[in-house]
Every structure is written in structure tokens, then in C-alpha cells.
Amino acid sequence: MIRQFLTCYIFISSSSSHIPLSEEDLESLGWNDLVAQKRQLTSELKELSDKIIDIDRNQLRSIGNSLKEQRSLLDAHTERLKQIRSEVDGRNSELLSVSEKLSQSRNFLSMMEARFPSEKEEDLQALVQKNQDIIDAKDYKSEREKNEILSRIKEATMKLEAVKATRTIREQFSQQSQESVNINNAIKQLSDERDLIRSKISKINVALDNFYNSKRKLTSEHQSYLVRYDSIAKQFEAINARLDSMSEMRRKQRKEYGYVEQSDALFKVKEEAKKKLQSGSKLSFEELKLLYGDKD
């Protein structure tokens with residue numbers, strides 16, 4: 001009968017320590033088993049505590065710093081895109097102005113092609129100088145001849161001015177063409193930089209999504225560790241309470257039965273038999289033997 005009573009107090013192995021033990025389970029464990037459970041829970045609490053602290057102080061902080069760095073880069077790139085848009089607008093305005101000047105110069109040169117003198121500039125200059133010398137020396141026979149000479153000077157001078165104007169416009173056209181090329185190159189460089197920045201922003205957004213996902217996972221993992229820590233801590237407190245209760249039971253055991261070594265389960269059976277006797281319930285022979293028989 002005693003053996004049957006004792007078999008009611010089953011042993012819960014340490015491999016199931018992750019599953020919270022019920023009050024009945026705790027009462028079924030002896031002192032050594034409870035101490036073993038307490039040690040294992042202490043180890044688990046330390047492991048969980050280390051993980052929680054690592055997430056708080058290291059992993060979340062590292063992700064936070066990375067997020068801050070990526071957001072700072074994103075802000076800088078976004079600001080640069082605004083500047084590029086402004087610069088491109090300015091360059092396009094410049095290009096429009098230069099294009100209008102080029103069109104004017106091209107139209108002027110096209111018009112002058114039909115009127116451009118066949119004589120060389122040097123010949124025209126010589127002609128003007130020769131006729132001017134005649135006028136200065138008054139080496140003409142009549143007023144009519146003088147007017148003819150002045151007319152030749154005027155005509156040659158107009159041709160010279162046309163040559164000079166054409167040369168000036170051609171120089172301006174060349175400068176404007178080069179300026180147009182420079183502006184187009186600048187716009188292309190800005191466009192290339194804009195495309196590169198957009199590519200960087202795309203990569204940053206991917207990195208930010210990954211960091212946010214990692215942060216959410218860590219936060220969830222952190223919360224699960226806290227919940228598990230609280231559960232194990234409660235079990236740890238329950239085991240401490242049970243050990244305290246058993247210590248008090250052992251103190252009573254020594255007081256009532258002396259210092260004879262007895263098992264925790266056997267003492268529990270005696271305690272229950274004693275309660276039955278005090279309540280007036282009928283005791284079995286085995287229970288009576290436990291209470292009044294030999295102490296060993």
C-alpha cells in the first residue's frame with residue numbers, strides 16, 4: 001500500500017523544464033529534483049537575460065544607428081536631386097537663350113551669303129585707301145569725277161563693313177555653338193548624376209525596408225523573450241516557494257519524528273494521514289502503521 005501511495009508522486013524530468021509545471025507537478029517532485037529544476041531555470045533565466053540585453057544594447061542599437069545613417073544619406077540624396085532639378089532648369093533656360101542667338105546668327109549669315117562681296121578684304125581696303133588719297137590730294141578734274149571717287153569709296157567701305165560684320169557674326173556663332181555644346185554636356189552630366197542618385201536612393205530604400213523588417217523581428221523576438229522570462233521567473237518563484245514549504249515540512253519532520261532520514265513523498269503521505277485522523281476520517285492499516293508504527 002505504501003508503495004502504491006509513493007508511486008502517485010511522479011518525477012518530472014528536466015527535459016520538460018520549458019513547459020511550466022503545475023502545482024501538482026511541483027508537489028510530486030522531491031527536494032533534489034526541485035533544486036535541479038531551479039538550477040536549470042536559473043541557467044535559462046540567465047540565457048534569456050543575456051539575449052534580452054544583447055537585443056537592447058547591441059542589435060537594436062546597431063539597427064537604429066544604421067537606420068539613422070541610411071535616412072541621413074536619403075535626405076542628402078533627396079536634397080541633391082532638388083538641386084539638380086533647379087540646375088537643369090537653369091541650364092535649359094541658358095540653352096534656350098543660346099539657341100535663339102544661334103538662330104539669329106544663322107539667319108544673318110544665310111542672308112549675307114547672297115550679298116557677300118566677291119573681293120577680298122585686303123583689296124577693298126587698298127581700293128578705299130587709293131581713292132581716299134585721290135580725294136585728299138584733290139587729284140580729280142571735276143566735281144563729277146570727285147563724286148564718282150567718293151561713291152567708289154562708299155561702296156568699298158560698305159563692302160568692308162559687311163565683311164567685318166560677317167566675320168564678327170561668324171565668331172559669335174562659333175562661340176555660341178561651343179557654349180551650346182558646353183551647356184548640353186553640363187545637362188548630360190547632371191542627368192547622369194540624377195540617374196546615379198536615383199539608383200542609390202532605390203538601394204537605400206531597400207536597405208531601409210530590410211532594417212525595418214529586422215527591427216520588427218527583433219522587437220517581436222525581444223517580446224517573446226520577455227514573456228518567456230516572466231513565465232520562467234514565475235515558475236522559479238513557485239519552486240522557491242515549494243522549497244521553502246518543504247524546508248518547513250522538514251523542520252516539522254525533525255521535530256516530530258527526530259532526525260531519521262525520510263523521503264519527502266513519505267512525509268507527505270504521513271501529513272495527509274494525520275489530516276484525515278484529525279478530521280475524523282477512517283484510516284487504512286498502512287496509514288495507521290505510518291503514523292504509529294516504527295519510525296524507520
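Here is what the cut-offs are and how they apply
Residue indices begin from 1 for each chain and proceed along its sequence in written order. In keeping with the model being predicted, local features are shown solely for residues with a pLDDT of at least 70 and side-chain atom pairs are shown and tallied solely at 80 or more, while totals for entire chains, interfaces and linings include all residues. Hydrogens are left out, water is left out, and the side-chain values use all remaining heavy atoms of the structure. Note on conventions: DSSP H or I runs of at least 4 residues are helices, E runs of at least 2 residues are strands, and numbering of each starts at the N terminus. Partly exposed describes any residue whose relative accessible area lies between the buried limit of under 20% and the exposed limit of over 50%, with all areas from a 1.4 Å probe on protein chains only and scaled to the type maximum. The contact criterion used is simple: two residues touch if any of their non-hydrogen atoms lie within 4.5 Å. Reported accessibility uses the Shrake-Rupley method at a 1.4 Å probe radius. Residues are deemed covered only where the shown protein chains occlude them. Criterion for a salt bridge: a side-chain nitrogen of Lys or Arg within 4 Å of a carboxyl oxygen of Asp or Glu. Only buried residues count toward a nonpolar core, which is a set of Ala, Val, Leu, Ile, Met, Phe, Trp, Tyr and Cys residues joined through side-chain atoms within 4.5 Å. In this scheme, a helix's expected span is set at 1.5 Å multiplied by one less than its residue total. This arc corresponds to the set of directions leading from the helix axis out to the C-beta atoms. Take the seven residues that end at a residue and the seven that start at it, fit an axis to each, and the angle between those axes is the bend at that residue. You can read pLDDT as the predictor saying how much it trusts each residue, on a scale of 0 to 100.

Moving on, we come to the overall build of the protein chain. Across its full length, the protein chain holds seven helices and zero strands. Reading the protein chain from its N terminus to its C terminus gives the helix and strand order α-α-α-α-α-α-α. The buried share among the 296 residues of the protein chain stands at 27%. Across the protein chain, contacts joining residues at least 24 apart in sequence account for 74% of those joining residues at least 6 apart. Only carbon and sulfur atoms are counted for the fraction: they give 50% of the accessible area of the protein chain, which is about 20200 Å².

For the coordinates displayed, the defined rule picks out 12 salt bridges. The salt bridge partner of Glu 47 is Lys 51, with a shortest N-O separation of 3.4 Å. Of this pair, Glu 47 and Lys 51 both sit in helix α3 (residues 31–115), four residues apart, roughly one helical turn. A salt bridge links Asp 192 to Lys 188, with the shortest nitrogen-to-oxygen separation between them at 3.1 Å. Of this pair, Asp 192 and Lys 188 both sit in helix α5 (residues 143–257), four residues apart, which is roughly one turn of the helix. On the basis of relative accessible area, Asp 192 is assigned to the partly exposed category, the value being 40%. A network of salt bridges, in which partner residues are shared, links Arg 80, Glu 87 and Glu 193.

So, on to the nonpolar core. Core analysis: the largest hydrophobic core is formed by 27 residues, its most contacted members being Leu 34 and Ile 239. Those elements that provide at least two residues to this core are α3 and α5. Tallying contributions element by element places α5 first for this core, with 13 residues. In contact with Leu 34, not counting residues within four places along its chain, are Leu 26, Leu 29, Ile 239, Arg 242, Leu 243 and Met 246.

The next thing to look at is helix α4 (residues 121–137). Taking 1.5 Å of rise per residue, 17 residues should cover 24 Å, and α4 covers 24 Å from first to last C-alpha, within 8% of that figure. Along α4, the residues classified as buried are Leu 124, Val 128, Asn 131 and Ile 135. Burial along α4 is one-sided: seen end-on, the buried residues are contained in an arc of 75 degrees. Projecting away from the buried face of α4 at angles above 90 degrees are the exposed residues Glu 122, Lys 130, Asp 136 and Ala 137. Positive backbone phi, approximately 55 degrees, marks Lys 138, located one or two places after α4.

Quick look at the environment of Asp 230 now. Locating Asp 230 in the fold gives a position in helix α5. Residue Asp 230 is classed as partly exposed on the basis of its relative accessible area of 44%. Each C-alpha atom of the pair Asp 230 and Leu 45 lies 9.2 Å from the other, and the pair is 185 residues apart in sequence.

Given a rise of 1.5 Å per residue, 85 residues ought to cover 126 Å, and the 122 Å separating the end C-alpha atoms of α3 matches this to within 8%. Along α3, the sharpest change in direction is near 45 degrees and occurs at Ile 55.

Moving on, we come to the confidence of the model for the protein chain. Here the protein chain averages 82 in pLDDT, while 78% of its residues score no lower than 70. Predicted confidence in the protein chain is weakest over helix α1 (residues 2–6), with a mean pLDDT of 31, and strongest over α3, with 93. Here residues 1–17 is a poorly scored stretch, pLDDT under 50, and it has 31 contacts once near neighbours within four places are set aside; other chains count.

Right, let's talk about the environment of Ile 232 for a bit. Along the chain, the position of Ile 232 falls in helix α5. The sequence separation of Ile 232 and Thr 42 amounts to 190 residues, and the corresponding C-alpha distance is 8.9 Å. When near neighbours in sequence (up to four residues on either side) are disregarded, Ile 232 contacts Leu 41, Glu 44, Leu 45 and Leu 48.

Even without a glycine there, the phi angle at Lys 138 is positive, about 55 degrees. Judged by its relative accessible area of 62%, Lys 138 is exposed.

What follows deals with the side chain of Ser 180. Along the chain, Ser 180 turns up in helix α5. Here Ser 180 is in contact with Leu 95, Val 98 and Leu 102, once residues within four sequence places are set aside.

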